[in-house]
Amino acid sequence: MAQQIKAIRGMHDVLPEQAALWRFLEDSVRDVLDGYGYAEMRMPIVEMTELFKRSIGEVTDIVEKEMYSFEDRNGDSLTLRPEGTAGCVRACMENGLLHNQTQRIWYRGPMFRHERPQKGRYRQFHQIGVETFGFKGPDIDLETIFITRRIWQRLGLTGLELQINSLGDAAERTAYRELLVAYLDVHRDRLDADSLRRLDGNPLRILDSKNPEMRDVIEGAPSLFDHLGEESRRHFDELRAGLDAAGIPYVVNPCLVRGLDYYNRSVYEWVTTRLGAQGTVCAGGRYDGLVEQLGGKPTPAVGFALGVERLLALLEESGCKGADLAPHAYLVLMGTEAERQGVVIADRLRELAPRLRLQLHCGGGGIKNQFKKADKSGAPYALVLGDDELGRGLVTLKPLREAGEQREMTLAGAASFFNELIEKKG
Ligand code: ATP
Ligand code: MG
């Protein structure tokens, strides 16, 4: 036998048994976003490598060591998107969506990063991303946080902690950067290899190092927070006041700097202690500099990204079953004529009851075997079509999960029975 080819390390199949949870998560998030007036967008999964280099920044984990980049047949360097913001900004600029207007946008899909695979960290993973353009805030910063809070509520997730910080504006960061580098330079001997490398290119990133041996030196560092200008401070104070007014608890984490270079002012993360080291399920903030950095007019922007796999792990852990995708009914066929006509009758039923989930028995076999399959399908009802019923234009409805008489019905009768059932269940 030929050797079977396996999936790529860190890239996973979503199997049918996982679909209910994915569907529940995706539908819930979509409904919440609809409720806030956000419009869906779909961008290509592949972009020019240059786009990510320019937006995320050369001295970042992503660009330095995590991107899936390759040359296409024309010799262009392309990259599988490691995140969605860059492509979203590119698409909005290219299609004139940022010109004299505001935008509230969301998207979802796979992202690719060549990281060391572990629980909650994969090489292909999924994000649901939200981006807004043209709003100076802090009302919109707050709105995006409210959206995330509403999403947890809709999903039934509790115990997530909101962490916030302010990164100031570009000038404040530049000034602070000098202070930080001066401090870190004095403590060079206590920095790990990654941090030493970042000292020149991206010193702020050192602050969110996950190496426990770095903790002391980081805690002693000057705080950007103490060097915010008046406007940045006011923005942050208003954000905090808004969170207080909405009753959303939060902690200020001065070490929260985010991995991506384009953030300014508000940054936030939602974290949980229930997923081990990979505890951040949502990361977001303001990135007023990015549009200009990519060749557009200065445009204020705020967004966040949800880590879908981490949220699914939380849902699973909390015992959530997800969306009910089981068929309402399984159509059992008895006799040669019924077997022949089954596929047509099933479709007539679906036409009469458009929201009916009906699974048709295919492939023949005895009645016992068919009922076994009906049971396995998860359907609460079987519909039995025999040659005799077929001749009289009837089907027999038989409850599978609870006691109850079986009864004969016309197709129209069966359809209205299921229409009512579905209406009742919502
Ligand atoms: P981390 O510090 O965990 O590496 P990050 O700062 O690289 O996260 P972002 O680029 O902000 O992450 O992405 C937003 C969210 O996407 C993260 O909070 C996380 O939930 C999820 N995420 C990021 N990388 C991965 C990955 N490799 N596998 C699964 N989920 C991921
Ligand atoms: Mg990362």
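The structure we're discussing is the one just above.
Since the model is a prediction, treat every value here as computed from it, not as a measurement.

**Focus on the overall build of the protein chain**
Looking only at helices and strands, the protein chain has 15 helices and 16 strands in total. The 426 residues of the protein chain split such that 49% are buried. In the protein chain, once contacts between residues fewer than 6 apart in sequence are set aside, the share between residues at least 24 apart is 71%. As displayed, the protein chain has an accessible area near 21,700 Å², and 49% of this comes from carbon and sulfur atoms.

**Description of the sheet that holds strand S2 (residues 46–48)**
With antiparallel pairing, the 3 strands of this open sheet are ordered in space as S2-S4-S3. Every other strand in the sheet has two partners, leaving S2 and strand S3 (68–71) as the edge strands with one partner each. Here the average twist between neighbouring strands, direction ignored, is 35°. Pairing geometry for S2 and strand S4 (residues 77–80), over 3 bridges, is antiparallel. Following the sheet pairing, Val 46 is matched in S4 by Leu 80.

**Quick notes on unusual backbone geometry**
Each neighbour pair has its own omega, and for Gly 137 with Pro 138 the value is 5°, a cis peptide bond. Phi is positive for Asn 100, which is not a glycine, with a value near 55°. By the secondary structure assignment, Asn 100 is in the loop between helix H4 (85–94) and strand S5 (103–112). Even without being glycine, Arg 265 reaches a positive phi, approximately 50°. Locating Arg 265 in the fold gives a position in strand S9 (residues 264–271).

**Focus: the site of ligand 1**
Inspection of the region around ligand 1 gives 14 residues, with Arg 113, Glu 115, Arg 121, Arg 258 and Thr 280 positioned closest. Gln 127 places a polar side-chain atom, nitrogen or oxygen, 3.0 Å from an oxygen atom of ligand 1. The protein chains hide 92% of the 590 Å² of surface that ligand 1 would expose on its own. The element that contributes the greatest number of residues to the shell around ligand 1 is strand S10 (residues 280–286), accounting for 3 residues. Its residues assigned to classes, the shell around ligand 1 shows 4 nonpolar, 4 polar and 6 charged.

Definitions and limits used
The numbering scheme is per chain: residues are counted from 1 as the chain's sequence reads. The naming scheme follows written order: chains are lettered A onward, ligands numbered 1 onward. Only residues with pLDDT of at least 70 are given local features in this predicted model, and only at 80 or more are side-chain atom pairs given and counted; all residues enter the totals for whole chains, interfaces and linings. With hydrogens and water excluded, all non-hydrogen atoms of the structure serve as input to the side-chain values. Secondary structure counts use DSSP, requiring at least four H or I residues in a row for a helix and at least two E residues in a row for a strand, with both numbered from the N terminus. Relative accessibility thresholds used throughout: buried, under 20% of the residue-type maximum; exposed, over 50%; partly exposed, between the two (1.4 Å probe, protein chains only). The contact rule is simple, with two residues in contact once any of their heavy atoms fall within 4.5 Å. Note on areas: Shrake-Rupley, 1.4 Å probe, and residue coverage restricted to the protein chains presented here. One bridge is not enough; two strands pair if DSSP finds at least two bridges between them. Between the N-to-C directions of two axes lies an angle of 0 to 180 degrees, each axis being a line fitted to C-alpha atoms and, for a helix, fitted only over the stretch in contact. To be near a molecule or strand, a residue needs just one of its heavy atoms within 4 Å of it. Residues adjacent in sequence count toward polar contacts only when both atoms are side-chain atoms; beyond that, a polar contact is any pair of N or O atoms within 3.5 Å, and within protein one must be able to donate a hydrogen and the other to accept it. Here the nonpolar group is Ala, Val, Leu, Ile, Met, Phe, Trp, Tyr, Cys and Pro; Asp, Glu, Lys and Arg are the charged ones; every other residue, Gly included, is treated as polar.

Everything listed here is a matter of geometry and, on its own, says nothing about what the molecule does.
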